[in-house]
Amino acid sequence: MSDNFFRFHDLFAQLGLPNSPEAIAAFLNQHRPLPNDTLLADAPFWDEAQAQFIREKKLQDAPEWTQLIDQLSEALRETPDIRNAGSTCRVLALSGSLRHASFNTALARAAQSLAPQGMDIEVATLHGIPLYDGDTEAGEGIPAAVQQLKAQILNADALLMVTPEYNNGVPGVFKNGIDWLSRADMKAIFAKRPTGIIGASMSGFGTVSSQAAWLPTLKLLGVTLYSGGSVLVSRAQNAFNAEGALTDEATRKNLGAYLSGFHEFVRLSKAAKSSAQ
Ligand SMILES: Cc1cc2nc3c(=O)[nH]c(=O)nc-3n(C[C@H](O)[C@H](O)[C@H](O)COP(=O)(O)O)c2cc1C
C-alpha cells in the first residue's frame with residue numbers, strides 16, 4: 001500500500017473525498033501537476049467547503065492538519081518541486097532597532113518561536129554597522145559587520161524585515177544598514193529574494209507609515225515582497241511583557257497566521273527557483 005494512503009487517509013475523509021488507496025492515487029494522478037504559483041486552497045478542483053477548510057486550517061496553523069495539507073500540496077506539484085518544497089525554509093528576521101529592550105527585536109523573537117513547522121527563523125540585528133560613508137567604502141571596503149549580515153542573508157531563503165517607525169517613516173539606522181548591504185552586492189542579496197515586512201510601534205497605527213515608506217526602496221532593490229497579510233503591532237508597550245515576550249493573544253494569533261502564509265510563499269518561491277534551474 002502506498003505511503004500516500006497512510007498520509008492522506010484522514011485528510012481525504014475530512015474533505016469528503018473517497019479515501020481508499022486506489023482513490024487517493026487516482027485523485028493525485030488526475031490533478032497533478034498543480035502549478036507552483038497556485039496555492040493549494042485556490043486549486044480549481046475543490047468545492048467551496050473544501051477550499052475553506054484548507055484555508056482555515058492553514059491560517060490557524062492547526063497542528064493536526066497543516067503538515068498533511070502541506071504534504072498534499074507537495075504531492076500535487078511537479079516531481080522536482082516535491083523534494084525541494086518539502087525542505088526547511090530558512091528565514092532571517094532582521095530587526096531595525098538597536099535598543100536592548102526593542103519591541104521590534106522582541107517581535108522578531110516572537111516570530112522565531114511561532115514559526116510553523118518547516119520554517120526556521122534566525123534573528124539578526126544591525127549592531128556594529130557604521131554610518132555609511134563613501135570614503136570609508138572607498139578606503140576600507142565593506143565593513144565586517146555588513147559582510148557578516150550579507151552572509152546571513154545569503155544563507156537564508158527569505159528575509160523578514162522587522163521595522164520600527166520614526167516620525168512616520170523608516171528609521172535611519174535600518175535604512176543605513178540596508179544602504180550598506182546594497183553596496184555589498186545588491187543583486188545577490190536582494191534581487192527576487194522573498195521578503196516580508198512587519199513591525200511594532202507605540203502608537204495606535206503600528207508602523208503602517210514606515211512599512212509603506214519602505215516600499216519604494218524594496219521595489220528598487222528588486223525583492224519579491226510578500227503581501228498576503230500584515231503584522232502592525234500597535235501600542236507595543238501593551239503587547240509585550242517586561243521580559244519581551246509577546247503576550248497579547250490576538251497579536252500572537254495574527255503573527256502565527258502571517259508566518260503560515262509567508263511560509264507557503266517562501267516554499268513556492270523556492271520550488272519555482274529550483275524548477276527554473
Ligand atoms: C525619533 C523617534 C520617532 C518616533 N516616531 C514614531 C512614529 O512616527 N510613530 C510611532 O508609532 N512611533 C514613533 N516613535 C516611537 C516608537 O514607536 C518607539 O520608540 C518604539 O519603541 C521603537 O521601536 P523599538 O522598541 O523596536 O526600538 C518614535 C520614536 C523615536 C525615538
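Residues numbered from 1 in each chain as written. Predicted model: local features only at pLDDT ≥ 70, side-chain atom pairs only at ≥ 80, totals over all residues. Heavy atoms only, no water.

Some thoughts on the packing of helix α9 (residues 172–190) against helix α10 (residues 208–221)
Line of reasoning, step 1. One can describe the packing of α9 onto α10 by two numbers: an axis separation of 10 Å at closest approach and a directional angle of 20 degrees. Taken together, the axes of α9 and α10 lie roughly parallel to each other. The chirality of how α9 crosses α10 is right-handed. Contacts from Phe174, Lys175, Ile178, Ser182, Met186 and Phe190 in α9 reach Trp214, Thr217, Leu220 and Leu221 in α10.
Line of reasoning, step 2. Considered class by class, the residues forming the contact of α9 with α10 number 7 nonpolar, 2 polar and 1 charged. (Axes fitted to C-alpha atoms, helices over the stretch in contact; angles between N-to-C directions. Helix = DSSP H or I, 4+ residues; strand = E, 2+ residues; numbered from the N terminus. Parallel < 35°, antiparallel > 145°, perpendicular 65-115°, else oblique. Left-handed = near helix turned anticlockwise from the far one by under 90°. Contact = heavy atoms within 4.5 Å. Nonpolar A, V, L, I, M, F, W, Y, C, P; charged D, E, K, R; others polar.)

Things to note about the packing of helix α3 (residues 48–60) against helix α4 (residues 63–75)
Packed helix pairs are characterised by how far apart their axes lie and by the angle those axes make with each other.
Line of reasoning, step 1. Their axes nearest at 9 Å, the elements α3 and α4 cross at an angle of 120 degrees. Of the possible angle classes, the one that applies to α3 and α4 is oblique. In terms of crossing hand, the pair formed by α3 and α4 is left-handed. Together, Phe53, Ile54, Lys57 and Lys58 of α3 and Trp65, Thr66, Ile69 and Asp70 of α4 make up the contact between the two elements.

Quick notes on the confidence of the model for the protein
Caution applies to low-pLDDT parts of the model: their predicted coordinates are not meant to be read in detail.
Line of reasoning, step 1. Averaged over all residues, the pLDDT of the protein equals 91, while 94% of them reach at least 70.
Line of reasoning, step 2. Here residues 80–85 is a poorly scored stretch, pLDDT under 50, and it has 14 contacts once near neighbours within four places are set aside; other chains count. (pLDDT = per-residue confidence, 0-100.)

Considering the domain arrangement of the protein
How big an interface is tends to be reported as the loss of accessible area on association of its parts.
Line of reasoning, step 1. The domain boundaries assigned to the protein delineate domain 1 (3–77) and domain 2 (88–276).
Line of reasoning, step 2. With centres defined by C-alpha atoms, the gap from domain 1 to domain 2 works out at 32 Å.
Line of reasoning, step 3. Each partner contributes to the interface: domain 1 provides 11 residues, whereas domain 2 provides 11 residues.
Line of reasoning, step 4. Of the roughly 930 Å² buried between domain 1 and domain 2, counting both surfaces, carbon and sulfur atoms make up 44%.
Line of reasoning, step 5. Per-residue buried area on domain 1 facing domain 2 is highest for Asn36, Lys58 and Asp61; these three make up 44% of the total on that side.
Line of reasoning, step 6. At the junction of domain 1 and domain 2, the tally comes to 1 salt bridge.
Line of reasoning, step 7. On the surface where domain 1 and domain 2 come into contact, there are 2 residue pairs in polar contact (both at pLDDT 80 or more).
Line of reasoning, step 8. Those elements giving two or more residues to the side of domain 1 that touches domain 2 turn out to be α3 and α4.
Line of reasoning, step 9. Take the side of domain 1 that touches domain 2: its biggest share by element is 4 residues, from α4.
Line of reasoning, step 10. For the side of domain 1 that touches domain 2, a count of residues per class yields 3 nonpolar, 3 polar and 5 charged. (Domains from an automatic or database assignment. Buried area = accessible area lost by both parts, 1.4 Å probe. Salt bridge = Lys/Arg side-chain N within 4 Å of Asp/Glu carboxyl O. Polar contact = N/O pair within 3.5 Å; in protein donor to acceptor, adjacent residues only side chain to side chain.)

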